[in-house]
Amino acid sequence: MDKLGSLPRVQTLSESGIESVPLQYVRADLEKSKPHDTQVPVIDLHSLSSPYLQQETIAAICSAAQNWGFFQIVNHGIPLPLTSRMQAVGKAFFDLPLEEKELYKNEEAGSPIGYGSKLGYSPDAKLDWGDYYYNVIMPPHRRNMSKWPKQPSDFTEVMDEYSREVYKLSELLMQALSTGLGLKDENSLNEAVGGDKKEIHSRINYYPPCPQPELVLGLSPHSDPNVVTFLLHDETPGLQIRKDGNWVDVQSVPGALIVNIGDAMEIISNGKYKSIEHRSLVHKERARMSWALFCCPHDEVNLSPLPTLIEKDHPPVYQDLRDKEKHEGISGERRSDCLLAKDKKDKIETKEVSPKLAEVFTSVDDDGSSSEGFEDEKFQVEGDEQGDDSKEDL
């Protein structure tokens, strides 16, 4: 089922009763997390409707986007019955017999669409302990219907309804983030990524129980290449973000959605809002699931820092991403092309640039092309755990 030719799906491995993890999954140099006093900000979106608390809430959203790159939102307006149904159809899909799930397997090189697992080119490739299902949700005509599950029977209905709610939520947050940048038009960020033409992609992650969870990762360290990601979870711990050089657990808040800034948002905000590296852990006795929806730029957008954010003291950190290949990267199909310096030496010396970005810039040639090592696993997307075999990766 993969280029190594010998390993089954991770769910099948887990259910087989193995007592030790195959070497392809073992990470001898796995970086451990350290205790951390602070937690990812939790923001009550209901306050956005209050004339007394609106500005305070907008400031909290923008501060979290700038200093954390991650935050959780409660009272987000998506009904609990709908999020429960979204979780239910995802669970029902992974409960299907393997042969039925394999009807939707990812077979097309360079595409993440369908049911899959992270693959590797070589015997020493380190694989992730997880399976996934990925497809475009909005607009509907962009869906690959040959990979669209017929079961559970309400899969389409629930995906449609939930994605519409997330779409509205993405516009609400981009309005707040635009205001935080001092932009006169609160729709500036939304329009910069295509406005009504932007897309919503979905990825359902299934991390089965693992006999040696301390040796593996459910999802390798990566940043998301899209605009903003909305993660629904099953309240099972496992998501970690890199904060101040350490891996920090994201606490489980009942009813909350986890929001993280993607590389595309970092680009158009000229580096003010941060796309942060994150990863997923697994457990020995229980499975973990997450449902990620990615707000992605439209293909025809010339993605670059907003002109109104460019000043003498704040030069552009990124060059334009104009050609179709690079835009496919931002939507999750070429994970290494979404962060490109306009002038790598100047940007490394700029205080506003994060260490993560500086690492990328040292791997980019002066002509903007990628050097050896640029396709680091940091820039996988939680829309593509196929690693090197697919061009698409929270």
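For the structure itself, look to the data block above.
Heads up: these notes are all about the structure in this document. Sequence order as written defines residue numbering, which begins from 1 separately in each chain. Two thresholds apply to this predicted model, a pLDDT of at least 70 for residue-level local features and 80 or more for giving and counting side-chain atom pairs, whereas whole-chain, interface and lining totals are computed over all residues. To get the side-chain values, take all heavy atoms of the structure and skip hydrogens and water.

**Quick word on the sheet that holds strand E6 (residues 219-222)**
So, step 1. Any two strands with at least two DSSP-identified bridges between them are counted as paired. Note on conventions: DSSP H or I runs of at least 4 residues are helices, E runs of at least 2 residues are strands, and numbering of each starts at the N terminus. The strand order across the open sheet built from four strands is E6-E11-E8-E9, with neighbouring strands paired in antiparallel fashion. Two strands in the sheet have a free side with no partner beyond their single neighbour: E6 and strand E9 (246-249). The average undirected angle you get between the axes of adjacent strands in this sheet is 25°. Lines fitted to the C-alpha atoms define the axes, with helices restricted to the stretch that makes contact. Angles between their N-to-C directions range from 0 to 180 degrees.

**Structural notes on the side chain of Asp 131**
So, step 1. Inspection of the secondary structure assignment puts Asp 131 in strand E4 (residues 131-138).
So, step 2. Each residue is placed in one exposure class: buried if its accessible area under a 1.4 Å probe, protein chains only, is under 20% of its type's maximum, exposed if it is over 50%, and partly exposed if it falls in between. For the purpose of counting charges, residues Lys and Arg are taken to be positive, whereas Asp and Glu are taken to be negative. His and the chain ends are not included. Counted as salt bridges are all cases of a side-chain nitrogen of Lys or Arg within 4 Å of a carboxyl oxygen of Asp or Glu. Put simply, Asp 131 is tucked away with no salt bridge, and the nearest opposite charge, on Arg 9, sits 5.5 Å away.
So, step 3. Polar contact criterion, stated in full: a pair of N or O atoms within 3.5 Å, where within protein one must be able to donate a hydrogen and the other to accept it, and residues adjacent in sequence count only if both atoms are side-chain atoms. Reaching out from Asp 131, the side chain makes a polar contact with the side chain of Ser 117 at a distance of 2.6 Å.

**With respect to the environment of Ser 47**
So, step 1. Checked against the element boundaries, Ser 47 lands in the loop between strand E1 (42-44) and helix H2 (54-67).
So, step 2. Residue classification places Ser 47 among the buried residues on the basis of a relative accessible area of 14%.
So, step 3. A sequence separation of 11 residues divides Ser 47 from Ile 58, and the C-alpha atoms of the two residues are 9.2 Å apart.
So, step 4. Only heavy atoms enter the contact rule, under which two residues are in contact if any of them lie within 4.5 Å. Dropping the residues within four chain positions of it, Ser 47 is found in contact with Leu 53, Gln 54 and Thr 57.

**Describing the pairing of strand E7 (residues 228-233)**
So, step 1. Burial within E7 is extensive, with six of its six residues counted as buried.
So, step 2. What you see with E7 is no split at all: Val 228, Phe 230 and Leu 232 on one side and Thr 229, Leu 231 and His 233 on the other are buried throughout.
So, step 3. Of the strand pairs in this sheet, E7 and strand E10 (residues 257-261) are connected by four bridges, and their pairing is antiparallel. In the sheet register, Phe 230 faces E10, and the bridge partner there is Val 259.
So, step 4. As paired strands, E7 and strand E12 (residues 288-296) are joined by six bridges and run antiparallel to one another. Bridge pairing links Thr 229 to Phe 294 in E12.

**Quick look at the environment of Leu 183**
So, step 1. If you trace the backbone, Leu 183 turns up in the loop between helix H5 (155-180) and helix H6 (188-192).
So, step 2. Measuring from C-alpha to C-alpha, the distance between Leu 183 and Leu 306 comes to 9.7 Å, with 123 residues separating the pair along the chain.
So, step 3. In this structure Leu 183 touches Ser 178, Ser 188, Leu 189, Leu 306, Thr 308 and Leu 309, once residues within four positions along its chain are discounted.

**Focus on the sheet that holds E7**
So, step 1. Strand order in this open sheet of eight strands is E1-E2-E10-E7-E12-E5-E4-E3, and the pairing throughout is mixed. Bordering the open sheet on either side are E1 and strand E3 (114-117), each of which pairs with just one other strand. Between one strand and the next, the sheet's axes are offset by a mean angle of 25°, whatever the strand orientation.
So, step 2. Judged from the seven bridges that link them, E4 and strand E5 (residues 199-207) form a sheet pairing that is antiparallel. Bridging from a neighbouring strand, Asp 131 pairs with Tyr 206 of E5.

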